[in-house]
Amino acid sequence: MTLPVQRTRTRTCARAAALGLTAALALGLAGMPAAHAGTERHHRAATLDDLAQKTGRYYGSAVDNPELADTAYADLLGTEFGATTPGNAMKWESTEPQRGVFDFTAGDEIVNYARANGLKLRGHTLLWHNQLPGWLTSGTWTPDELRSILKNHITTEVKHFKGKVFAWDVANEIMNEDGTYRESIFYKTLGPGYIADALRWAHAADPKVKLYLNDYNVEAIGPKSDAYYTLIKQLKADRVPIDGFGLQGHLALQYGFPSGLKENLQRFAALRVDVAFTELDIRMNLPSDTAKLTQQADWYRQVTDACLAVKRCVGITVWGYSDRHSWIPAVFPGEGAALPWDENLAHKPAYDAIHDALAAAAAPPHGKNG
Ligand code: XIL
């Protein structure tokens, strides 16, 4: 993937502003388009990640390997965003298709794309009940065997991507809606201690990488988020390495906005873990219409504001950024239009809402906009 022109332009513009125009001219940066020369226009041209960075956060989008061939899509992702997460490339079925045989081709492709575009990378995910390879789900394992399989998988994958990802979703979707543990192969064979073990193994393989638990339907305060609150509190008390709680943020207009979102983020931050929206999208029943798109924009604004209100909310990642490439229609028939850009890569009202919310937080104090 070539370095996108627009990113260069934005960076150049920011640099010119920092240097002052004369110095910028002396450095030969005068070739930037006139539309970007004025301060006000510069602000309008700021990307979501430019604005998020001014608040000390990142704004990211997931990417799936086949999407890299859609160069318009991949280039815009590389320009507008500061972080990415592989949609599938680092999952167990992709990385260890046969027992003890690892394949990091797809993950490496995303690493290279992220590097070429200056994107931070989140690792997703080391253990999950879905997208496991057949050899693992069809086998019957003693606890000792499964422990050693899990340890080897985590250690090998974390070492491979060491220094390339800044965070890992170590355990994904380990709770049921009622706050009990999901009866995955790992839970059934190893009991709940597998979670602390997984975190310790990941930490041993890369002591610097941030380790997250990650789930959906944990945005509101309720039994499921309560279970994570209790678990993370206990892990902290037991000195198990845990750095963050990822809220996937797969919201749907028809189910209502999650109540207590900000307070929920705050209570996790108070446990001394980072929080992040890791897979945000806000779907609706199709067809979309103006009213739904307006409500969706309002929800995106509310999620952005909730993150901005909590110091330890370190960033937001949308699960793909355009309705052109979204997992929603395939998994939730009749639903979609979940992202801030439409199928033609044009901004929807949600984009402006996110941009406005970030710009308000990124603006210097005293109401000045310069
Ligand atoms: C989804 C991917 O986007 C799809 O391409 C794939 O077919 C299924 O998984 N929660 C998660 C993500 O943690 O890994 C899922 O990603 C979406 C739900």
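Residues numbered from 1 in each chain as written. Predicted model: local features only at pLDDT ≥ 70, side-chain atom pairs only at ≥ 80, totals over all residues. Heavy atoms only, no water.

Student: Any details on the overall build of the protein? Residues and values, ideally.
Tutor: Looking only at helices and strands, the protein has 16 helices and 10 strands in total. The burial tally for the protein puts 52% of its 370 residues in the buried class. Summarising the internal contacts of the protein: among those between residues at least 6 apart in sequence, 76% fall at separations of at least 24. For the protein, the exposed surface amounts to about 15,800 Å²; the carbon and sulfur share of it is 52%. (Helix = DSSP H or I, 4+ residues; strand = E, 2+ residues; numbered from the N terminus. Buried < 20%, exposed > 50% of the residue type's maximum accessible area, 1.4 Å probe, protein only. Contact = heavy atoms within 4.5 Å. Areas by Shrake-Rupley, 256 points an atom, 1.4 Å probe, with all protein chains shown as cover.)

Student: Mind laying out the state of the cysteines, listing which residues take part and the relevant values?
Tutor: Considering all chains together, one arrives at one disulfide under this definition. Between the sulfur atoms of Cys307 and its disulfide mate Cys313 the distance is 2.1 Å. Residues Cys307 and Cys313 share a disulfide whose torsion about the S-S bond is about -100 degrees; that sign makes it left-handed. (Disulfide = S-S within 2.5 Å.)

Student: Explain the pairing of strand β1 (residues 58–63) to me, and be specific about the residues and the numbers.
Tutor: Extensive coverage of β1 is indicated by the burial of six of its six residues. Because side chains alternate across β1, one face comprises the buried residues Tyr58, Gly60 and Ala62, and the other comprises Tyr59, Ser61 and Val63, equally buried. For the segment spanning β1, helix α5 (residues 71–80) and strand β2 (residues 83–86), crossover handedness is right-handed. (Right-handed = clockwise from strand over helix to strand, strands pointing away.)

Student: Break down helix α14 (residues 290–308) for me, citing the residues and quoting the values.
Tutor: Its 19 residues place the ends of α14 27 Å apart at the C-alpha level, agreeing with the 27 Å of an ideal helix rising 1.5 Å per residue. Burial in α14 covers these residues: Leu293, Gln296, Ala297, Trp299, Tyr300, Val303, Thr304, Ala306, Cys307 and Leu308. Next to the buried residues of α14 lie β7 (250–252), α13 (261–269), β8 (274–285), β9 (313–318) and α16 (349–362). Capping the start of α14 is the job of one residue whose side-chain oxygen sits 3.2 Å from the backbone nitrogen of Ala291: Asp289. (Expected span 1.5 Å × (residues − 1). Polar contact = N/O pair within 3.5 Å; in protein donor to acceptor, adjacent residues only side chain to side chain.)

Student: Give a detailed account of the site of the ligand, specifying residues and quantitative values.
Tutor: Around the ligand sit Asn88, Lys91, His124, Trp128, Gln131, Asn172, Glu173, Gln248, His250, Glu279, Trp319 and Trp327, and that is every residue in its neighbourhood. Between the ligand and the protein, one listed contact pairs an oxygen atom with a side-chain N or O atom of Asn172 at 2.9 Å. Gln248 is positioned with one of its side-chain polar atoms (N or O) 3.3 Å from an oxygen atom of the ligand. For the ligand, whose free accessible area comes to 420 Å², the fraction covered by protein is 78%. In terms of residue class, the shell around the ligand is built from three nonpolar, six polar and three charged. (Near = heavy atom within 4 Å. Nonpolar A, V, L, I, M, F, W, Y, C, P; charged D, E, K, R; others polar.)

Student: Mind laying out α16, listing which residues take part and the relevant values?
Tutor: The terminal C-alpha atoms of α16 lie 20 Å apart, and with 14 residues this matches the ideal 20 Å at 1.5 Å per residue to within 8%. All of the buried residues along α16 are Ala350, Tyr351, Ala353, Ile354, His355, Ala357, Leu358 and Ala362.

Student: With reference to specific residues and values, describe the pattern of salt bridges.
Tutor: According to the stated counting rule, one finds nine salt bridges in the structure shown. The partner of Asp226 in a salt bridge is Arg267, with the nearest N and O atoms 2.9 Å apart. One end of the pair, Asp226, is in helix α12 (residues 223–237); the other, Arg267, is in helix α13, with 41 residues separating them in the sequence. Judged by its relative accessible area of 32%, Asp226 is partly exposed. Through salt bridges that share partners, Glu177, Asp215 and Lys224 make up one connected network. (Salt bridge = Lys/Arg side-chain N within 4 Å of Asp/Glu carboxyl O.)

Student: Could you give an account of the packing of aromatic side chains, with specific residues and numbers?
Tutor: To describe a pair of aromatic rings, one takes the distance between the centres and the angle between the planes. Within the structure shown, the criterion is met by 19 aromatic pairs. On the basis of an interplanar angle of 50 degrees and a centroid distance of 5.5 Å, the ring pair of Phe81 and Trp341 is categorised as tilted. Separated by 260 residues along the polypeptide, Phe81 in the loop between α5 and β2 and Trp341 in the loop between β10 (335–336) and α16 bring together distant segments of the chain. On the basis of relative accessible area, Trp341 is assigned to the buried category, the value being 1%. Between Trp92 and Phe186, the aromatic rings sit 5.9 Å apart at their centres with planes inclined by 20 degrees, giving stacked as the arrangement. (Phe/Tyr/Trp six-rings, centres within 6.5 Å; stacked < 30°, edge-to-face > 60°.)

Student: Explain the pairing of strand β6 (residues 244–247) to me, using residue names and the numbers behind them.
Tutor: Residues Gly244 and Gly246 line one face of β6 and the alternating positions Phe245 and Leu247 line the opposite face, and both faces are buried. As defined by bridge partners, strand β5 (residues 210–215) adjoins β6 across four bridges and the pair is classed as parallel. Its bridge partner being in β6, Asn214 is matched across the sheet by Gly246. Note on the crossover from β5 through α12 to β6: the handedness is right-handed. The pairing of β6 with β8 spans four bridges and is classified as parallel. Looking at the pairing, Leu247 lines up with Phe277 of β8. (Pairing = 2+ DSSP bridges.)

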